[in-house]
Each structure stands twice: as C-alpha cells, then as structure tokens.
Amino acid sequence: MSTARAGQVAAVSSNGVYSFTKPTRESITLLAGLGVEGDVHAGTTVKHRSRVAQDPTQPNLRQVHLIHRELFEEVAEAGYEVAPGQLGENVTTEGIDLLGLPTGTLLRLGPDAVVEVTGLRNPCQQIDGFQYGLLKQVVSRDDEGSLLRKAGIMGVVHRGGTIRPGDTIEITLPPTPHVPLDRV
C-alpha cells in the first residue's frame, strides 16, 4: 500500500432533510460506520430513497459523497454554473483524480477522518431538475461506447473526525490488482 498527499478539501456540505442540494458548512463530522453527522444519508443501511424502495436492509455504501471541484470548471465551459454542495455532495475536493481511484482506496481527510471508496455515484434525473441538460454533462460515453459517470464517488467512513475546507487529503491505495470503480 502506498500513501501520498494528493489534494485538499475545497468545501464540506450536509443536509438533515431530503433535498437535492446540501448547504456548505464550516465543518462536518464523519462518524465511523455511519456517515456525516446530521446528514439525511447517514446510517448503516441505505438511505437514498430509490435504494430504500428496492431493499431497505442493504448496507449503506453511499455514506459520504465526494465530488471534484474540477468538474464544476468542466461544466462551466458548457454554460452551467455549479457551486459546492449543489450536486448533493458532502465533500468537494481539489487536486485529486477521484474518478481514477480504485475501489477500496482509503482517503484520510484532515487529521483524523478516513473514508473507504466504494464506487461511483450513479447520476440521476434530479440533476436535470437542478439545471436542465446538466445530466448529459456528467454522464456521457467514451469512444468505445462505455458509460462515463463523472458526478463523483461514494464511500463509507472507517474512522470518524471533523473535516474543514483547506484540510489535506491523503490517498492510500489498496493492494494490487486494483479494481476500477463501478456504480454503487
């Protein structure tokens, strides 16, 4: 396993009620095995409404949603203005290729918190409800026709702690062979 400083926390967000967007905060506290303290998606079993409807006993592999600030710059080139928390993420990062991380990567956020990457966010129609046409910017196809999901990654909290904008993020890759991210 290799560990390296990779980037930093650009913003943190949470919301205690179901809403597509999450207001930014001065800090959020991650709770081991649960997610973001006070966030509607925190818990050991699934909290996203579509997942609850399928099977409410599924483990919650989507406790923390991370998105890269660089995506906001990319969609701005197509005319969309997106700010931290507006796509429902808890942690906005900068300087990290989140989508290129393998499953099982550990992210140390700030001095204490550790999140294990479980997979890609599966963008849904709510994104077009936020800004019509934005969904096509965060879901596309590559030259081979494979689906590209660019709306961030999901993880579970291994070790709790408080995180703030400006905190460093260290990456610890899992042992090889690495498993590419898939939707969770």
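In every chain, residue numbers begin from 1 and rise along the written sequence. Since the coordinates come from a predicted model, pLDDT governs what is reported: local features require at least 70, and pairs of side-chain atoms require 80 or more to be given and counted, while whole-chain, interface and lining totals use all residues. Neither water nor hydrogens contribute to the side-chain values; these are computed over all heavy atoms in the structure.

1. Some remarks on the pattern of salt bridges
In a structure, side chains of opposite charge can pair up when their charged atoms sit close to one another.
Moving on, step 1. Here, a salt bridge means any Lys or Arg side-chain nitrogen found within 4 Å of an Asp or Glu carboxyl oxygen. A full pass over the atoms with the stated rule returns five salt bridges.
Moving on, step 2. The closest approach of N and O atoms between glutamate 73 and arginine 69, which form a salt bridge, is 2.1 Å. Taken together, the residues span about one helical turn, with glutamate 73 and arginine 69 both in helix α2 (residues 69-76) at a distance of four residues.
Moving on, step 3. Burial classes: relative accessible area under 20% of the type maximum marks a residue as buried, over 50% as exposed, and values in between as partly exposed (1.4 Å probe, protein chains only). On the basis of relative accessible area, arginine 69 is assigned to the partly exposed category, the value being 26%.
Moving on, step 4. Several salt bridges share partner residues, and in doing so they unite Arg69, Glu70, Glu73 and Glu94 into one network. Secondary structure elements are taken from DSSP: a helix is a run of H or I of four residues or more, a strand is a run of E of two residues or more, and numbering for both begins at the N terminus.

2. Regarding the nonpolar core
Moving on, step 1. Working definition of a nonpolar core: buried Ala, Val, Leu, Ile, Met, Phe, Trp, Tyr and Cys residues. They are joined through side-chain atoms within 4.5 Å. If you look at the biggest cluster of nonpolar residues, it comprises 23 residues, and the most contacted ones within it are Leu30 and Ile153.
Moving on, step 2. For this core, the secondary structure elements donating two or more residues are β1 (3-13), β3 (28-31), β5 (64-68), β7 (106-109), β8 (113-120), β11 (153-159) and β13 (168-172).
Moving on, step 3. In terms of residue count, β8 provides more of this core than any other element does, four residues in total.
Moving on, step 4. Excluding anything up to four places from it in sequence, isoleucine 153 contacts Val64, His65, Leu66, Leu98, Leu99, Leu101, Leu107, Val117, Gly119, Leu120, Arg121 and Leu181. Whether two residues are in contact is decided by their heavy atoms, any of which lying within 4.5 Å being enough.

3. Some remarks on the pairing of β11
Moving on, step 1. In terms of burial, β11 is a largely internal element, five of the seven residues being buried.
Moving on, step 2. The pairing criterion for strands is at least two bridges between them, as found by DSSP. Across six bridges, the pairing between β8 and β11 is antiparallel. Within β11, the position partnered with valine 117 by the bridge is glycine 155.

4. Details of the packing of aromatic side chains
Moving on, step 1. Pairing of aromatic rings covers Phe, Tyr and Trp, the last through its six-membered ring, and needs centres within 6.5 Å; plane angles under 30 degrees mean stacked, over 60 mean edge-to-face, and all others mean tilted. In this structure the tally under the stated criterion is one aromatic pair.
Moving on, step 2. Residues phenylalanine 20 and phenylalanine 130 carry aromatic rings whose centres are separated by 5.9 Å and whose planes lie at 40° to one another, so their mutual orientation is tilted. Taken together, the residues span a long stretch of sequence, with phenylalanine 20 in the loop between β1 and β2 (24-25) and phenylalanine 130 in helix α3 (residues 126-130) at a distance of 110 residues.
Moving on, step 3. On the basis of relative accessibility, which here comes to 17%, the residue phenylalanine 20 falls in the buried class.

5. Topic: the environment of glutamate 26
Moving on, step 1. Mapped onto the elements of the fold, glutamate 26 is located in the loop between β2 and β3.
Moving on, step 2. With 131 residues separating them in the primary sequence, glutamate 26 and valine 157 have C-alpha atoms 19 Å apart.

6. Some points on the layout of surface pockets
Moving on, step 1. Only protein atoms enter the 1 Å grid used here. Points where a 1.4 Å probe fits but cannot escape make up a cavity, open sets with protein on both sides within 12 Å along at least five of seven lines make up a pocket, and a residue lines them when an atom lies within 4 Å of a point. Grid points are joined across faces, edges and corners, and a volume is the space filled by probe spheres set on the points. Volume-wise, the largest pocket comes out at about 520 Å³.
Moving on, step 2. For the largest pocket, the lining is made up of 22 residues, of which His41, His48, Arg62, Cys124 and Gln126 are closest to its centre.
Moving on, step 3. The element that contributes the greatest number of residues to the lining of the largest pocket is helix α1 (residues 49-54), accounting for four residues.
Moving on, step 4. Per-class residue counts for the lining of the largest pocket are five nonpolar, 10 polar and seven charged. The nonpolar class holds Ala, Val, Leu, Ile, Met, Phe, Trp, Tyr, Cys and Pro. Asp, Glu, Lys and Arg form the charged class, and all remaining residues, Gly among them, are polar.

None of this, on its own, says anything about what the molecule does.
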